[in-house]
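# Survey of secondary and tertiary structure
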Amino acid sequence: MRVVFVHGACVRDGSWWWHRTAELLQDRGVPSVSPALPSCGEAGRRGGLGGPGLPEDVAAVRQVLHAGDEPTVVVAHSYGGIVTAEAAVGVGSVHHLLLVSSYLPEVGQSLSDFGDGSPAPFLDVDPDAGTFGVRPELLVDTFLQDCDPEVQAQAADHLARQSVQVTGQPVGAAAWQQLPSTYLLCAQDRGTPPRLQREFARRAGSVVELDAGHHPFLSQPAAVRDLLLSL
C-alpha cells in the first residue's frame, strides 16, 4: 500500500502539510508522496494564459499515480478533491479515495460552483496578477486553531499564491463515482464549515467525523493514520 496526498489551495510543499501523518505511516511500513501542484507555483510555470491551472495540476498528480503499481489510497484535501476527481480516473492502482474536508465535483463542475459568488473573507484575490491566496493574519484562526504552536508558527512559510484560473475550470471526470470513497468530515473546521462538508459528503461512499479543524493530518495525525490503515 502507498498513500498519495493531494494538498489544498493556496499552499505549497505538500510534504510539509502531510509530514506528521507521513511519519506515522512510514513507521507502519506505508510510504507516501505529495505531488507538487503547478497552479500553486510548484513544479515550474508551464501552462496557458495566466500560468498553470487545473489541467496542469491533474497531469502532475496523474504522473505520480502512474509511477507506482502498488495499491494506492489518494488523500484529497479541500481543493485537492477537485484535482483528484479527474486525476484518479482510470488509474488501476487506486483502490480508495479519502476526502478530507473536500469538494466532490460532478463532471462539468468547478471550484467556483461551490461558493456563493464572492471570495471567502480569509482569501485575498489579486485580479491584476490573476492569483489568490490566504490572508496570513487569518491563517491560524481559520485553518489551524487546533494545531500546536510549532505547526502554527511554521505554516505561513508554506502558503502560496495560486492561479485564479483553477476556480473556474471544470473537471472532466468524477473519480468518486467509480471508486470506493470515504469522506473525513472535520467538525471544527472554520474554513470549510461542517454544514457544507455534510452536503459534499453525501456523494461519498461512507463518512467519518472527527472533532478537528481543517488540517486533521497535522492536528490529529494518529487518527488519520488509523483511518487510512483501516481502508
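Our structure is the block above this text.
What counts and what doesn't
- Residues numbered from 1 in each chain as written.
- Predicted model: local features only at pLDDT ≥ 70, side-chain atom pairs only at ≥ 80, totals over all residues.
- Heavy atoms only, no water.
- Core = buried A, V, L, I, M, F, W, Y, C linked by side-chain atoms within 4.5 Å.
- Buried < 20%, exposed > 50% of the residue type's maximum accessible area, 1.4 Å probe, protein only.
- Contact = heavy atoms within 4.5 Å.
- Salt bridge = Lys/Arg side-chain N within 4 Å of Asp/Glu carboxyl O.
- Helix = DSSP H or I, 4+ residues; strand = E, 2+ residues; numbered from the N terminus.
- Pairing = 2+ DSSP bridges.

## Comments concerning the nonpolar core
Nonpolar side chains tend to gather and get buried jointly when the protein is soluble and globular. Ranked by internal contacts, the top residues of the largest apolar core, which has 72 residues, are Trp17, Trp18, Leu97, Leu144 and Leu228. Setting aside anything within four residues of it in sequence, one finds Leu97 in contact with Val74, Thr84, Ala88, Ala175, Trp176, Leu179, Pro180, Ser181 and Thr182.

## Topic: the pattern of salt bridges
Going through the model one piece at a time under the given rule, you end up with 7 salt bridges. Between Arg12 and Asp13 there is a salt bridge whose closest N-O contact spans 2.4 Å. Assessed through its relative accessible area of 26%, Asp13 is described here as partly exposed. A salt bridge links Arg161 to Asp124; the nearest nitrogen and oxygen atoms lie 2.9 Å apart. Remark: Asp124 occurs in strand β5 (residues 123–126) and Arg161 occurs in the loop between α5 (149–155) and β7 (162–163); sequence separation between them is 37 residues. Overall, Asp124 belongs to the partly exposed group, its relative accessible area being 29%.

## As for unusual backbone geometry
Phi angles above zero are rare outside glycine, and Asp13 is one such case at about 60°. Structurally, the position occupied by Asp13 is in the loop between β1 (2–6) and α1 (14–27). Positive phi, close to 45°, is recorded for Ser101, a residue that is not glycine. Residue placement: Ser101 occurs in the loop between β4 (94–100) and β5.

## Quick notes on the sheet that holds strand β6 (residues 131–134)
Taken in spatial order, the 3 strands of this open sheet run β5-β6-β7, and their pairing is antiparallel. In the strand order of this sheet, the two ends are held by β5 and β7, each with one partner. By the bridge criterion, 4 bridges tie β5 to β6 in an arrangement that is antiparallel. The residue of β6 that forms the bridge with Val125 is Phe132.

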